[in-house]
Amino acid sequence: MVNKKRLIKLTQELIQINSENPPGDEFKIAVFVKNYLDKLGLKTKVYEFNKKRSNVVALLEGRDKKHSLLITPHLDTVPAGESWHFNPFQGKIHHGRIYGLGATDCKGNLASSLEAINSIVEDGVVLDYNLIFAATADEESGSDLGLVPLLEKGILKPDAAVVLDSDDFHIIITQKGLIHLKVKIQGKKAHGAYPWQGINAIDIAIDVLKELKAHKFIYAKNKYLKPPTLNIGTIKGGDKVNVVSDWCEFELDVRFLPGMSEGAILKYIQSIIQKHTRKFSRQSGIPLKAGKIEVEGIQRPYWINQNQPLVKYLTAVAKKLKIQPRIKGSEGATTITFFQEKDIPAIATGFGASGCAHIADEYVKINNLYKGTMVLEEFIKKYRFDV
């Protein structure tokens, strides 16, 4: 049976362990989690793909060794930053909330999963399948030292997965794809008093960005997601105020829907750059190379049918416990997208407070965390694989 006092204390203890990323050091919290699971009798192992970037993987064996379900929260947090009224590493309780860095994202969910496993072991429940638990590093910086290598190296090979990294009992079945890219525009330097003698790369960048921002994406509507977006994240260029800039670079964040092609999006952006560099080249009579695109990261969009067993079992269990879950999409990039590369069905859920991730005075509601832990425990007990 889920122990509320134990859950609260565990959440506070996890918050009190600093695992900010950057700089990135999950070693201490990983040791804490490993020791916790060792005491419960689980088979545990720590994997590191860089020094002190620790991942904990544990196994609770069930009757059917051929099928496995993965439960996976993450260990790291964003940096605390300033403007806190509560100590970000204390886990103070105030008006039914636990305040602290990671309370919602994702140490509350981490505590919830550990308490659920503790309760299952205490009650002597033997699951019908193998339960795999993975508390991972580096989620806040792309998971290149966490979930990604664990999947790519075959360390994690579940038949299905639940990512614990969401809020308010939401069940995430779809999310936007992500493209992060840097565009470098080349011009020709000249004296600022004679701008016609050069080609201003900043001028070209402005024209490119204007056209990109005005572009209307073609896409199929998704009832769980807003339309595609393009955000200009950074821009810099030029060496001095009285010099015609011969360089400018900017970074773009593109979020796109299932059914859209990342290749087509990149091709379109390149065509706009070529169009405007040719225009400036014709005007000046000076040959000009097209701008260069550097792709910094791509995640494909994700979608899973809401009739999939993960969704059905989790929804049924929540309703049984008088909680109305909401099936939703994610505008941001959760780690569920990494599972589609391995053809592993995955959803995300969690019990954090909506709007609290990455803010000062981050908190989790104690009652939601408690109810969420009961939902998770019952889901783990009730889940069945269709054989």
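Student: Let's hear about helix 2 (residues 27–39): which residues, and what values?
Tutor: Spanning 13 residues, helix 2 covers 18 Å between terminal C-alpha atoms, matching the ideal 18 Å at 1.5 Å per step. Within the sequence span of helix 2, burial applies to Ile29, Ala30, Val33, Tyr36 and Leu37. For helix 2, the buried positions fall inside an angular range of 125° around the axis, keeping them on one side. Away from its buried face, by an angle of more than 90 degrees, helix 2 presents the exposed residues Lys28 and Lys39. Turning to helix 2, the residues buried within the fold contact helix 1 (4–15), strand 1 (43–48), strand 2 (54–60), helix 3 (103–122) and strand 6 (129–135). Just downstream of helix 2, Gly41 is the residue with a positive phi angle, here 90°.

Student: How would you explain the sheet that holds strand 13 (residues 247–256) if you had to name every residue and give the values?
Tutor: Strand order in the open sheet made by the four strands is 11-13-9-14, with antiparallel pairing throughout. The open sheet has two free edges, formed respectively by strand 11 (229–237) and strand 14 (292–299), since each of these has just one partner strand. The sheet shows a mean angle of 15° between the axes of neighbouring strands, direction not considered. The sheet contact formed by strand 9 (residues 177–186) and strand 14 spans seven bridges and is antiparallel. Counted as the bridge partner of His180 is Gly297 from strand 14. Each of strand 9, strand 11 and strand 13 touches helix 5 (residues 201–214); the most contacted strand, strand 13, lies at about 15° to it.

Student: Describe the environment of Glu139, naming the residues involved and giving the relevant values.
Tutor: Here Glu139 is to be found in the loop between strand 6 and helix 4 (147–152). With 20 residues separating them in the primary sequence, Glu139 and Asp159 have C-alpha atoms 21 Å apart. The contacts of Glu139, once residues within four sequence positions are left out, are His74, Asp76, Asp165 and Thr335.

Student: Explain the pairing of strand 13 to me, and be specific about the residues and the numbers.
Tutor: Within strand 13, eight of the ten residues are buried, which leaves the element mostly enclosed by the surrounding structure. Where strand 9 lies against strand 13, ten bridges are found, and the strand directions are antiparallel. Residue Val183 lies in a different strand from strand 13, and its bridge partner there is Phe250. Sheet topology note: the strand 11/strand 13 ladder contains eight bridges and is antiparallel. Within the sheet, the bridge partner assigned to Gly237 lies in strand 13 and is Cys248.

Student: Outline the side chain of Lys107, supporting the account with residue identities and numerical values.
Tutor: Considering the arrangement of structural elements, one finds Lys107 in helix 3. Despite being buried, Lys107 has no salt bridge partner; Glu20 is the closest side chain of opposite charge, sitting 8.8 Å away. Polar contacts involving the side chain of Lys107 include one to the side chain of Ser19, which spans 3.1 Å. In this structure Lys107 touches Leu14, Ile15, Ile17, Ser19, Ile29, Leu75, Thr77, Leu101 and Gly102, once residues within four positions along its chain are discounted.

Basis of the calculations
- Residues numbered from 1 in each chain as written.
- Predicted model: local features only at pLDDT ≥ 70, side-chain atom pairs only at ≥ 80, totals over all residues.
- Heavy atoms only, no water.
- Helix = DSSP H or I, 4+ residues; strand = E, 2+ residues; numbered from the N terminus.
- Expected span 1.5 Å × (residues − 1).
- Buried < 20%, exposed > 50% of the residue type's maximum accessible area, 1.4 Å probe, protein only.
- Arc of directions from axis to C-beta.
- Contact = heavy atoms within 4.5 Å.
- Pairing = 2+ DSSP bridges.
- Axes fitted to C-alpha atoms, helices over the stretch in contact; angles between N-to-C directions.
- Lys, Arg positive; Asp, Glu negative; His and termini not counted.
- Salt bridge = Lys/Arg side-chain N within 4 Å of Asp/Glu carboxyl O.
- Polar contact = N/O pair within 3.5 Å; in protein donor to acceptor, adjacent residues only side chain to side chain.

Nothing here speaks to function; it is geometry throughout.
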